[in-house]
Amino acid sequence: FDLTTIFSTTMWIHVHAGDDGLRRFLERASDATSWFLLVEPQPSACYRKANARLRKMGRPELEDVSSARLKMRQDIESEIAGVVTRCGFRRVYITESQTCKVEGGERTTTQKQEAVTAWNRQLHLYERVK
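A short tour of the structure in this document, coming up. (Residues numbered from 1 in each chain as written. Predicted model: local features only at pLDDT ≥ 70, side-chain atom pairs only at ≥ 80, totals over all residues. Heavy atoms only, no water.)

### So, the pattern of salt bridges
Stage number 1. One pass over the full model with this rule turns up 5 salt bridges.
Stage number 2. Between Glu40 and Arg121 there is a salt bridge; the shortest N-O distance is 3.5 Å. You can see Glu40 sitting in the loop between strand 2 (36-39) and helix 2 (44-56) and its partner Arg121 sitting in the loop between strand 6 (115-116) and strand 7 (122-128), a full 81 residues away along the chain.
Stage number 3. Measuring nitrogen to oxygen at the nearest pair gives 2.5 Å for the salt bridge that ties Arg90 to Glu127. Placement of Arg90 in strand 3 (residues 89-92) and of Glu127 in strand 7 is noted, with a sequence separation of 37 residues between them.
Stage number 4. On the basis of relative accessible area, Glu127 is assigned to the buried category, the value being 18%. (Salt bridge = Lys/Arg side-chain N within 4 Å of Asp/Glu carboxyl O. Helix = DSSP H or I, 4+ residues; strand = E, 2+ residues; numbered from the N terminus. Buried < 20%, exposed > 50% of the residue type's maximum accessible area, 1.4 Å probe, protein only.)

### A word on the nonpolar core
Stage number 1. In terms of nonpolar packing, the biggest core is built from 23 residues, with Val15 and Leu37 touching the most fellow members.
Stage number 2. Among the elements of the structure, helix 1 (10-31), strand 2, helix 2 and helix 3 (76-86) are those that each provide at least two residues to this core.
Stage number 3. With 5 residues, the single largest contributor to this core is helix 1.
Stage number 4. Residues contacting Leu37, with those up to four places away along its chain left out, are Thr4, Ile6, Ala29, Ser30, Val84, Phe89, His124, Leu125 and Tyr126. (Core = buried A, V, L, I, M, F, W, Y, C linked by side-chain atoms within 4.5 Å. Contact = heavy atoms within 4.5 Å.)

### Some points on the side chain of Arg121
Stage number 1. You can call Arg121 buried: its relative accessible area is 15%.
Stage number 2. Among the polar contacts made by the side chain of Arg121, one reaches the side chain of Ser8 at a distance of 3.5 Å.
Stage number 3. Each residue touching Arg121, except ones within four places of it in the same chain, is listed here: Ser8, Glu40, Pro41, Gln42, Pro43, Cys46, Ala115 and Val116. (Polar contact = N/O pair within 3.5 Å; in protein donor to acceptor, adjacent residues only side chain to side chain.)

### Comments concerning the side chain of Thr4
Stage number 1. Relative to the helices and strands, Thr4 resides in strand 1 (residues 3-6).
Stage number 2. Of the residues examined, Thr4 reaches a relative accessible area of 14% and is grouped as buried.
Stage number 3. In this structure the side chain of Thr4 is engaged in a polar contact, spanning 2.6 Å, whose partner is the side chain of Thr33.
Stage number 4. With sequence-adjacent residues up to four places away left out, Thr4 is seen in contact with Ala29, Thr33, Phe36, Leu37 and Leu38.

As far as function goes, none of this settles anything; it's purely spatial.
This is how it looks when you write it as structure tokens:
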């Protein structure tokens, strides 16, 4: 695939398959991607809120979402980035240039910006290193 997207699924794969299962999933998605991989990592707070959502829906709770069992959860965004970059990708950032007037002329600055979803979750874009 030229573009593979992974939205709102990393936590569920991680919870049900553990650290090794999430790594294998990311490696498989990376292997199937020829150009861009777009990942929406679900932050650690989502893991804590999952059981509350399941209770409201009358569904069985997840058994163990602790960071003792799911060690990658402690820094999930960096852990996901590590797996994807080891698979031959590099992180791509959106940049914004701003020009401001200063004494004696103008100065342009460039800033990295994170793309975010409507739920204020970061989107991480990776490009295959050729």
